[in-house]
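The chain contents come next:
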Amino acid sequence: MTAGSRIVAMGHYQPSRVVTNEDLTRNLDTNDEWIRSRVGIAERRVADGESVADMATYAAEKALATSGLSAADIDLVVVATCSSIDRCPNVATRVASKLGIAAPAAYDLNTACSGFSYALGSADHAIKAGASRHALVIGAEKLSDITDWSDRTTAVLFGDGAGAAVVSAVPDGEQAGVGPVLWGSAPERGDVLRIEGWHPYIKQDGQSVFRWATTALAPFALEACKRAGIEPSELAAFVPHQANTRIIDGIVKRLGLGPDVIIAKDLVESGNTSAASVPLALSKLVERREVPSGAPVLLFGFGGGLTYAGQVVRCP
Amino acid sequence: MATREEITSGLAEILEEVAGVNPDDVAEGKSFTDDLDVDSLSMVEVVVAAEEKFGVKIPDNEVQNLKTVGDAVTYIEANH
């Protein structure tokens, strides 16, 4: 048995095609100022040929290379996604096949935008139970496939991308780097955000989602800190789901985070990438060395189904 | 029981804090969106703050009916 797990390395991938707010005004009655002030997004990346599995693979490949481990070491692949059109083989086995991971436990998980923290929690539990030693935990989305590009209330919000973590069992005697997950949902109000039917588009009741996100979530984020034995003031960074800067600001205010805590706002350049948003933003923070290795970072995802999940991790 | 004037001035304080609205501009006949430039998300913040301040419940499906300051005052007066 191990004391727990830690994130050893991160990696991310975004398509090369940039779509600016200005680009969107060609086909939609919207404008840059409106999108920036309501949502906080300046541009997003949109996939051309890449599938969810392709983007997941590229992100995982980078994380694996940084970790110093090889494909043969990986025994678990978990992919959080709500936008994969192909259901079988699942994304996790597609990634494993592309990376030459021979016989991993491999599954997809869908809790929409909170997916990465759910997947990280699941992998951490598997490692603690002795069912895995080295896991790939990935959030990957191609939301452009399920975006109604003629609906100005949603088309301005979303982007494509992937982020991945290599998560390993900590050696005996060392501290765990993935804190206990706080996870849950508000299913009775889950229908305010929907991806339903054949050839579905994302639909949401924006005001209801905004109200839930800015009022209900801070106590859960605080509880995630408490379970990890960390005071919010001790956090080096906060990486929430990247949906809207005004939601992020609202949660930050209720958490009482000071100016010393780095607040991830990757949505400015990436849009809302659902389950990919937290690992994408964390991977960029790590890449830019903005957070010291070992420093506590609060991850917190929330969204469709009105699911939420978060945990404090030690920065790789 | 708060009077309509008291509720209006309470809303003016909230509007100033949440959306930077000049309290002198707040009157019962003013539309939140058209006259006071309160966007849909700020409106949610106003509603949440009003719930706390006046001890009322303003459900999501009620928010869209609150077009003017007077609508909000009437709702709060009837429900608090």
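In the nomenclature of an unreviewed UniProt entry, chain B corresponds to Acyl carrier protein from the organism Actinoplanes awajinensis subsp. mycoplanecinus. Under the UniProt heading Subcellular location (unreviewed entry), the entry covering chain B gives this text: "Cytoplasm".

Identification of chain A as Beta-ketoacyl-[acyl-carrier-protein] synthase III from Actinoplanes palleronii is taken from an unreviewed UniProt entry. Per UniProt, the comment on chain A under Subcellular location (unreviewed entry) is "Cytoplasm". Under the heading Subunit (unreviewed entry), UniProt records this for chain A: "Homodimer."

Undergrad: Go over the interface of chain B and chain A with me, naming the residues and quoting the values.
TA: Across the boundary between the two partners, chain B contributes 16 residues, which contact 10 residues of chain A. Roughly 1,100 Å² of surface becomes buried between chain B and chain A when both sides are summed, with 50% attributable to carbon and sulfur atoms. Area buried by chain B at its contact with chain A is led by L41(B), V44(B) and D60(B), which between them contribute 47% of it. Summed over the shared surface of chain B and chain A, the number is 4 salt bridges.

Undergrad: Got a sec to walk through the UniProt feature "active site" (unreviewed entry) in chain A? Specific residues and values, please.
TA: Residue and element names in this part refer to chain A. Under the UniProt annotation, the feature "active site" (unreviewed entry) is placed at C113, H241 and N272. The named residues occupy 160 residues along the chain; their greatest pairwise C-alpha distance, 8.8 Å, places them in one compact cluster. Tracing the chain through its elements places C113 in the loop between β5 (105-109) and α5 (115-128). When residues no more than four places from it in sequence are discounted, the contact partners of C113 are H241, N272, S274, A275, G301, F302, G303 and G304. Along the chain, N272 falls in the loop between α9 (267-270) and α10 (277-287). Leaving out residues up to four positions away in the same chain, N272 has contacts with I41, C113, L143, L157, F158, G159, H241, Q242 and A243.

Undergrad: Please give an account of the domain arrangement of chain A that cites residues and values.
TA: Much of the literature gives interface size as the accessible area that the parts lose upon coming together. Residues and elements named next belong to chain A. According to the domain assignment, chain A contains domain 1 (5-169) and domain 2 (182-314). The straight-line distance from the C-alpha centre of domain 1 to that of domain 2 is 15 Å. Tallying the contact residues gives 46 residues for domain 1 and 42 residues for domain 2. Carbon and sulfur atoms make up 62% of the surface buried where domain 1 meets domain 2, a total of about 3,500 Å² over both sides. Linking domain 1 with domain 2 are 0 salt bridges. Elements represented by at least two residues in the side of domain 1 that touches domain 2 include exactly β1 (5-13), α2 (32-38), β3 (43-45), α5, β6 (134-142) and β7 (160-169). Among the elements that make up the side of domain 1 that touches domain 2, the one with the highest residue count is α5 (8 residues). Looking at the side of domain 1 that touches domain 2 residue by residue, the classes come out as 20 nonpolar, 19 polar and 7 charged.

Undergrad: I'd like a rundown of the pairing of β6(A), residues and numbers included.
TA: Residues and elements named next belong to chain A. Extensive coverage of β6 is indicated by the burial of 9 of its 9 residues. Side chains H134, L136, I138, A140 and K142 project from β6 onto one buried face, and the interleaved A135, V137, G139 and E141 project onto a second face that is buried too. When strand β4 (residues 76-80) meets β6, the two strands line up parallel, connected through 5 bridges. Residue pairing in the sheet places L76 in a bridge with A135 of β6. Where β6 lies against β7, 9 bridges are found, and the strand directions are antiparallel. Among the inter-strand pairings, G139 is bridged to a residue of β7, identified as G163.

Undergrad: Describe the pattern of salt bridges, with residues and values.
TA: Two side chains carrying opposite charge are able to pair once their charged atoms lie near each other. Within this structure, the stated rule accounts for 22 salt bridges over all chains. In this structure, R38(A) engages D39(B) in a salt bridge whose closest nitrogen and oxygen atoms are separated by 3.5 Å. Pair noted here: R38(A) is in helix α2 and D39(B) is in the loop between α1 (4-19) and α2 (40-54), and the two residues belong to different chains. The structure contains a network of salt bridges with shared partners spanning R38(A), R246(A) and D39(B).

How each quantity is defined
Residues numbered from 1 in each chain as written. Chains lettered and ligands numbered in written order. Predicted model: local features only at pLDDT ≥ 70, side-chain atom pairs only at ≥ 80, totals over all residues. Heavy atoms only, no water. UniProt positions renumbered as here; feature names shortened; annotations may be inferred. Contact = heavy atoms within 4.5 Å. Buried area = accessible area lost by both parts, 1.4 Å probe. Salt bridge = Lys/Arg side-chain N within 4 Å of Asp/Glu carboxyl O. Helix = DSSP H or I, 4+ residues; strand = E, 2+ residues; numbered from the N terminus. Domains from an automatic or database assignment. Nonpolar A, V, L, I, M, F, W, Y, C, P; charged D, E, K, R; others polar. Buried < 20%, exposed > 50% of the residue type's maximum accessible area, 1.4 Å probe, protein only. Pairing = 2+ DSSP bridges.

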